Amino acid sequence: MKKLLILFLGILSIINVQTVLANDSTVVKTTLPVDDIKLPPGFKATIVAGKLGRARHLVVNTNGDIYVKLERLRNGKGIVRLRDTNGDGKADDSMYFGNYVGTGITIKNGYLYASSNSEVFRYKLNEKNEVANPDAPEKIITGLVDQRTHNSKSIVLDNDGNIYVNIGAPTNACQVQDRTKGSPGQEPCPILEKAGGIWQFKADGKNQSYGEGVRFATGLRNVVGLDWNGQTNSLFVMQHGRDQLSNLYPEMFNDQQSAELPAEEMFELKKGADCGWPYCYYDQQQNKKVLAPEYGGDGKQVGRCEGVTKPVVAFPGHLAPNGLLFYTGSLFPEKYKNGAFIAFHGSWNRAPLPQKGFFVAFVPFKDGKPSGEWEIFADNFAGMENISSPGQAEYRPCGLSQGPDGALYVSEDAKGTIWKITYKP
Amino acid sequence: MKKNVLPVIMFLFLAPVILHAQTKKPISPKPKAAPVSKAVMDRGKEVYLMNCLACHQADGSGVPNLNPHLVKTKWVLGSKTVLVEQILKGSQGKVEIDGETFNNAMPPLPQLTDQQIADVLTYVRNSFSNKASVVSAGEVKSIRAKIK
């Protein structure tokens, strides 16, 4: 009988453990080895939090609180504030608020800003540097295009009271029928009136929509990563280039070319910039903007693309840059000061060639211009060498933020993991 | 007394587990599907590589949030009519599988022949851990006729 009792208790304890795991309302301590992430010598990555689900962008407040925007509600909420109360480097306290999913989140001048896929809200921070009324944000922007494809609204503020919102084009190349072989490009592309660009609004406005906003830049298919560069006092954005060149135009492009082209582009945007989509794409092998095949291009012709805004940095195709951060801290070596970190979500449209990305890249900057080649900074988020499909990737980097101590925080949205990257010489 | 009560309590605690495990057992064995010929699978794979792989990926795993996966889903294993219509008419995104949504548009592929559609669907329904009945060119033909 005693044996039976022990067996019974054993089974009960298994059931209990499962219940706890299934019911993880607080931060789950993950047992994944932290040295999975490959970094340059002296750098160290530690997991701050895990299993948050679709963790998109994040922002670290001056007091160390981490706010993460979720693209899937968790406990019915779309924002989580993480806090490390005992200083062991792991978040041990979490607070959920905001009843909407989304991507964008940032802090500026005493407010936390967060976006759904069609609106932007802000929350006043109180004297304790905490969100004063988590259930009563001000709605500052509303009614933005959300047709599911490319619907995330990343946000950033300048130093003059303006907020910038990307409104992605809900299509691949503005064809009459999206992603369909033989379907021509619409002329002019009607999408550009309300999407395919960056819009500027007042950071302290109320219920602003297109009528109150300014189309700051156009011809951008989809931007997820963006940041304000304090050195140049200008907006930098990362564009996701168009897909499927060989699929839609097999007579012009082979799979190898289609995997590498077009470039994923980093732009410095001046007001009124036109970056060319859908009429043009950037060929990083020819170093020029060329006419898209939907608009009569053959992979070489420039035509109307003469004069459209060129990228300041061009990356290989389809890597999906989802986060951009200009590093202003002093924790990292001098080389990184004022340079750009880019979180690459990882590709899907390189198939049948192996997928790439799933890393954080770095571009050194000097006097507001790139001063060297881009390089991989943090690697192996995929957890494997050869990856043929993005679903195989362990982690997919998405957001970046800088902590008050100069540490770099990285979020990813395959499982919902947050890393803190520090440096010790 | 104690000796008699304990097994009863144990049963009460474990009953849901035991009963749940039992309900998982198939009540009656499903009729075995006839093996699909290699020729059909090869032809289907060829159509898949040309038309489906870029989005649905070589292993049918799709792309999270964008392109639906094809592994044991209600779409792939379900109604042949829905599947054939999906190929002939395409979709404008928002496919839902087990609470996950997939947002990319799928182009219509009416240029594929009845035989090609039958082959590729048979291939998909019998690849990526799927096991389902074959789709015939005749079935595709009659579904296509109803759409027109």
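The preceding data block contains the structure.
Residues numbered from 1 in each chain as written. Chains lettered and ligands numbered in written order. Predicted model: local features only at pLDDT ≥ 70, side-chain atom pairs only at ≥ 80, totals over all residues. Heavy atoms only, no water.

Q: What is the right way to read the overall build of chain B from this model?
A: Each helix and strand counted, chain B has 7 helices and 2 strands in total. Going from the N terminus to the C terminus, chain B shows its helices and strands as α-α-α-α-α-β-β-α-α. Put simply, chain B has 148 residues, and 43% of those count as buried. (Helix = DSSP H or I, 4+ residues; strand = E, 2+ residues; numbered from the N terminus. Buried < 20%, exposed > 50% of the residue type's maximum accessible area, 1.4 Å probe, protein only.)

Q: Is there a simple way to explain helix α7 (residues 137-147) of chain B in this structure?
A: For an α-helix, the turn length of 3.6 residues means that residues three or four places apart are oriented alike. All names here are of chain B. Within the span of α7, buried status applies to Val140, Ile143 and Arg144. The buried residues of α7 occupy an angular sector of 100 degrees when the element is viewed end-on, so they sit on one face. Pointing more than 90 degrees away from the buried face of α7 are the exposed residues Lys141, Ala145 and Lys146. Packed against the buried residues of α7 are α5 (80-89) and α6 (114-125). (Arc of directions from axis to C-beta. Contact = heavy atoms within 4.5 Å.)

Q: How should empty space enclosed by the protein be read in this particular structure?
A: Gaps left between atoms show up when a probe the size of a water molecule is rolled over them. Residue and element names in this part refer to chain A. On inspection of all chains with the given rule, the structure shows 2 cavities of 30 Å³ or more. Here the largest cavity is characterised by a volume of approximately 60 Å³. Lining of the largest cavity is provided by 13 residues; of these, Gln239, Glu265, Trp277, Cys280 and Tyr281 occupy positions nearest its centre. When residues in the lining of the largest cavity are grouped by element, the largest group, 3 residues, is from strand β18 (residues 280-283). The residue makeup of the lining of the largest cavity, split by class, is 7 nonpolar, 2 polar and 4 charged. (1 Å grid on protein atoms, 1.4 Å probe; cavity = no way out; pocket = protein on both sides within 12 Å on 5 of 7 lines; lining within 4 Å. Points joined across faces, edges and corners; volume = space filled by probe spheres on them. Nonpolar A, V, L, I, M, F, W, Y, C, P; charged D, E, K, R; others polar.)

Q: Whenever I open this one, the sheet that holds strand β2 (residues 55-60) of chain A confuses me. Can you help?
A: Residue and element names in this part refer to chain A. If you trace the 4 strands from one edge of the open sheet to the other, you get β2-β3-β4-β5, paired in antiparallel fashion. Across the chains shown, the open sheet's two edge strands, defined by having one partner strand only, are β2 and β5 (93-97). Averaged over all pairs of adjacent strands, the angle between their axes in this sheet comes to 25 degrees, without regard to strand direction. The pairing of β2 with strand β3 (residues 66-74) spans 4 bridges and is antiparallel. Pairing of Leu58 across the sheet is with Val68, part of β3. (Pairing = 2+ DSSP bridges. Axes fitted to C-alpha atoms, helices over the stretch in contact; angles between N-to-C directions.)

Q: Explanation requested: the pattern of salt bridges in the structure shown.
A: A side chain of one charge can pair with a side chain of the opposite charge if their charged atoms are brought near each other. Taken as a whole and assessed by the stated rule, the structure comprises 24 salt bridges over all chains. Two residues, Asp42 of chain B and Lys38 of chain B, come together in a salt bridge whose shortest N-O distance is 2.7 Å. Taken as a pair, Asp42 of chain B and Lys38 of chain B lie in helix α2 (residues 38-51) at a separation of 4 residues, close to a single helical turn. Salt bridges linked by common partners bring Arg54 and Arg72 of chain A together with Glu100 of chain B together as one network. (Salt bridge = Lys/Arg side-chain N within 4 Å of Asp/Glu carboxyl O.)

Q: So what exactly am I meant to see when it comes to the sheet that holds strand β26 (residues 375-378) of chain A here?
A: Backbone hydrogen bonds hold the strands of a sheet together, and the pairing may be parallel or antiparallel. Residue and element names in this part refer to chain A. Taken in spatial order, the 4 strands make up an open sheet running β21-β22-β23-β26, and their pairing is antiparallel. Whereas interior strands pair on both sides, the edge strands pair on one side only; in this sheet they are β21 (321-326) and β26. Taken pair by pair, the neighbouring strands of this sheet meet at an average axis angle of 30 degrees, ignoring direction. When β21 meets strand β22 (residues 340-344), the two strands line up antiparallel, connected through 5 bridges. Looking at the pairing, Leu324 lines up with Ile342 of β22.

Q: Would you take a moment to explain unusual backbone geometry for this structure?
A: Glycine aside, the phi torsion of most residues is negative, and most peptide linkages are trans. All names here are of chain A. Geometrically, the link from Glu187 to Pro188 is a cis peptide bond, its omega value of -10 degrees lying close to zero. Secondary-structure assignment places Pro188 in the loop between β11 (162-167) and β12 (197-202). Pro352 follows Ala351 through a cis peptide bond whose omega is 10 degrees. Structurally, Pro352 is set in the loop between β22 and β23 (359-363).

Q: Which parts of the structure should I look at to understand α5 of chain B?
A: Residue and element names in this part refer to chain B. Along α5, the residues that are buried comprise Leu83, Val84, Gln86, Ile87 and Leu88. Looking at the buried residues of α5, the elements they touch are α4 (74-77), α6 and α7. Residue Ser79 occupies the N-cap position of α5, its side-chain oxygen lying 3.2 Å from the main-chain nitrogen of Thr81. Looking one or two residues beyond α5, the residue adopting positive phi is Gly90, at roughly 70 degrees. (Polar contact = N/O pair within 3.5 Å; in protein donor to acceptor, adjacent residues only side chain to side chain.)

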